[in-house]
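In case you want the letters, here they are:
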Amino acid sequence: MGFVPWRYVNSWYCNGCGLCCKEFEVVLTFHEWLKITKTFGAGVTRAGLNKFYMGKRSDGSCIFLYTAPDGKKLCGLQNNKPLACKVWPFKILNKPKYGGAKEAFFNYNGQDLFIYIDPFCPGIRWGPPSAELIYKVIPEFIEVASGIRQKQFYSTMRLTPGFYIFYKKGY
Ligand code: SF4
Ligand code: SF4
């Protein structure tokens, strides 16, 4: 199934299933590759014909994917994850590349954009868009994609403060 315009989405919430970190190849920009290999060594990435990819374990999962004690999957890179991971499952485009231009259209601060979502993600609830999706989730994804925002809240799995402390302790 192809990408779906955002107007068919009621809400999106990452449930930490980690499926996206197993099913897809993460393409790295040269700068991301440089930063990751400088910190962790070249073994955590993979070189393709003319692209760099995030490395995978034998079960197909990303080398940085961890399982928390409650079963949720966590990214070991957190705020330093590649842009491809930060904006998934959304596609933020200047043109209606995947059709449904009217339903994909999104005006962000006077800028005409076309937003789609990958229906593979189980965090999608279908239906008329909620206020949170329109005013919080999508704008945050746009800001992350354009580089004006680094920290994610609505556009990633929402960790409770208690969980975050526990995660920081390195369990
Ligand atoms: S983005 Fe979607 S597929 Fe990936 S971990 Fe979250 S809910 Fe699962
Ligand atoms: S870098 Fe993080 S978010 Fe990206 S695929 Fe790996 S574990 Fe998932």
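These remarks concern the structure in this document.

This part takes up the overall build of the protein. The helix and strand tally for the protein stands at six helices and eleven strands. Computed over its C-alpha atoms, the radius of gyration of the protein comes to 17 Å, within 12% of the 16 Å expected for a compact globule of 171 residues. Taken along the three principal axes of its C-alpha coordinates, the protein extends 45 × 40 × 30 Å. For the protein, buried positions account for 39% of its 171 residues.

Core analysis: the biggest nonpolar cluster contains 21 residues, and Trp-12, Phe-90, Ile-115, Leu-133 and Ile-138 have the highest contact counts within it. For this core, the secondary structure elements donating two or more residues are strand S2 (9-12), strand S9 (105-108), strand S10 (111-117) and helix H5 (131-146). Examining the composition of this core, we find that six residues originate from one element, H5, more than from any other. The next biggest cluster of nonpolar side chains, apart from the first, holds eleven residues, and it includes Trp-33, Val-44, Cys-62 and Phe-64.

This next bit is on the sheet that holds strand S3 (residues 27-28). Backbone hydrogen bonds hold the strands of a sheet together, and the pairing may be parallel or antiparallel. A sheet is described by the order of its strands in space; here three strands give the open sequence S3-S5-S4, paired in antiparallel fashion. Where the open sheet ends on each side, the last strands, each with one partner, are S3 and strand S4 (45-47). Inspection of the sheet shows S3 paired to strand S5 (residues 52-54) by two bridges, in the antiparallel sense. Among the inter-strand pairings, Val-27 is bridged to a residue of S5, identified as Tyr-53.

Time to look at the pairing of S9. In S9, alternate side chains face the same way, and those of Phe-106 and Tyr-108 are buried while those of Phe-105 and Asn-107 on the opposite face are not. As defined by bridge partners, S9 adjoins S10 across four bridges and the pair is classed as antiparallel. By the bridge assignment for S10, Asn-107 is matched with Asp-112. Between the antiparallel neighbours S9 and S10 lie two residues, among them Asn-109 with a positive phi of about 50 degrees.

Criteria and thresholds
Within each chain, residue numbers correspond to sequence positions counted from 1 in written order. As they are written, the chains are lettered A onward and the ligands numbered 1 onward, keeping that order. In view of the model being predicted, local features appear only for residues whose pLDDT reaches at least 70, and side-chain atom pairs are presented and counted only at 80 or more, with totals across whole chains, interfaces and linings using the full set of residues. Side-chain numbers here rest on the full set of heavy atoms in the structure, without hydrogens or water. Only DSSP runs of H or I covering at least 4 residues are called helices, and only runs of E covering at least 2 are called strands; the numbering of each starts at the N terminus. Computation of the radius of gyration draws on C-alpha atoms alone. For the globule rule, the value is 2.2 Å times the number of residues to the power 0.38. Burial here depends on accessible area, computed with a 1.4 Å probe over protein chains only, as a share of the maximum for the residue type. Under 20% is buried, over 50% is exposed, and the range in between is partly exposed. Working definition of a nonpolar core: buried Ala, Val, Leu, Ile, Met, Phe, Trp, Tyr and Cys residues. They are joined through side-chain atoms within 4.5 Å. Strand pairing follows a simple DSSP-based rule, namely that at least 2 bridges must link the two strands.

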